[in-house]
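Residues per chain, in single letters:
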Amino acid sequence: DTREVAVSGADPADVERIERLAEEEIGTPLVRVDGDGLADRITDEVPGAAHVEVETGWPHTLNVNVTSRLPALAIRGEGDGYRLLDLEGVVIRTVTKPPRGVPTVRAEDDVEVSGHGVRAALGMLEALPEDTRPRVKGITVDSADQISFRLGGTEVIWGDVSSPDVKVEVIEILLAKKP
């Protein structure tokens, strides 16, 4: 029978919820545990879990291996909360303070950031080279969903979602000249 659950790879904020879901299998013979079904249930109910594998650890342990979603943006919501989104636009969770290195997105004049604005910000981040993304700070979305942000000490006016590859090339050329 399943007596123990071991969760690995999960974000610490998700571990308790994942353990609770997996512990529903305690008492079930290990050979009868539907690992794929449990994995699907965890990914459905825990947005921070991108991928889950469930393996049997004989004689009595259920091993739950999680690949967590990585926050790419923090969107300021109503009150003091921030919604954390990954590059696919999945809302991972709401936190009171964005994690270090995750750029915050705010709407100009502090109105709510629209869905189009979020998609534009995600598209901009995805277009940037991976080693440039951590240097992006203070993303702002205006009422027309135009994006601007800071890259180091430089203010970049990205604009809309069009021509991301060209914009990245221009940014790299201009940054090389140390504006």
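The structure under discussion appears in the preceding block.
Figured I'd write up the structure that's included with this text. Being a predicted model, the structure only gives us computed values, none of them experimental. (Residues numbered from 1 in each chain as written. Predicted model: local features only at pLDDT ≥ 70, side-chain atom pairs only at ≥ 80, totals over all residues. Heavy atoms only, no water.)

Observations regarding a negative patch on the surface
- Together, Asp-34, Asp-36, Asp-40, Asp-44 and Glu-45 line one region of the surface with negative charge.
- Relative to the helices and strands, Asp-44 is located in helix H2 (residues 35-45).
- A relative accessible area of 66% means that Asp-44 is categorised as exposed. (Patch = residues over 30% accessible without salt bridge, like charges linked within 9 Å, V, L, I, M, F, W, Y side chains within 5 Å. Areas by Shrake-Rupley, 256 points an atom, 1.4 Å probe, with all protein chains shown as cover. Salt bridge = Lys/Arg side-chain N within 4 Å of Asp/Glu carboxyl O. Lys, Arg positive; Asp, Glu negative; His and termini not counted. Charge placed at Lys NZ, Arg CZ, Asp CG, Glu CD. Helix = DSSP H or I, 4+ residues; strand = E, 2+ residues; numbered from the N terminus. Buried < 20%, exposed > 50% of the residue type's maximum accessible area, 1.4 Å probe, protein only.)

Description of a nonpolar patch on the surface
- A cluster of nonpolar side chains, Val-166, Val-170 and Leu-174, forms an exposed patch at the surface whose accessible area comes to about 260 Å².
- Secondary-structure assignment places Leu-174 in helix H4 (residues 164-176).
- With relative accessibility at 48%, the residue Leu-174 sits in the partly exposed group.

Some remarks on the sheet that holds strand S3 (residues 61-68)
- Pairing is mixed in the open sheet, where three strands are placed in the order S1-S3-S2. What marks the edges here is a single partner per strand, and that holds for strand S1 (4-8) and strand S2 (49-57). For this sheet the average axis-to-axis angle between neighbouring strands, irrespective of direction, equals 20°.
- Pairing of S1 with S3, which is carried by five bridges, proceeds in the parallel orientation. Bridge assignment links Ala-6 to a residue of S3, and that residue is Asn-63.
- Strands S1, S2 and S3 of the sheet are contacted by helix H1 (residues 12-22), whose axis makes an angle of about 140° with S3. (Pairing = 2+ DSSP bridges. Axes fitted to C-alpha atoms, helices over the stretch in contact; angles between N-to-C directions. Contact = heavy atoms within 4.5 Å.)

What about the sheet that holds strand S4 (residues 73-76)?
- Taken together, the seven strands give an open sheet; going across it, the order is S6-S5-S4-S7-S8-S9-S10, and neighbouring strands pair in mixed fashion. With one partner strand each, in any of the chains shown, strand S6 (91-95) and strand S10 (154-159) form the two edges of the open sheet. The mean inter-strand angle of the sheet, taken between neighbouring strand axes irrespective of direction, is 25°.
- Two elements, strand S5 (residues 82-85) and S6, share four bridges in a ladder whose sense is antiparallel. In the strand pairing of S6, Tyr-82 is matched with Val-95.

Regarding the pairing of strand S7 (residues 104-107)
- What you see with S7 is a clean split: Val-105 and Ala-107 sit on the buried side and Thr-104 and Arg-106 on the side with no burial.
- Pairing between S4 and S7: two bridges, direction parallel. Bridge pairing in S7 links Ala-74 to Thr-104.
- Of the pairings in the sheet, the one linking S7 to strand S8 (residues 136-141) comprises three bridges and is parallel in character. Within S8, the residue paired with Ala-107 across the bridge is Val-141.

Here's the deal with unusual backbone geometry
- Look at the link from Trp-58 to Pro-59: it is a cis peptide, with omega at 10°.
- Within the fold, Pro-59 resides in the loop between S2 and S3.
- Even without being glycine, Asp-145 reaches a positive phi, approximately 60°.
- Along the chain, Asp-145 turns up in the loop between S8 and strand S9 (147-151).
- Of the residues examined, Asp-145 reaches a relative accessible area of 19% and is grouped as buried.
- Of note, the phi angle at Ser-163 is positive, near 50°, even though the residue is not glycine.

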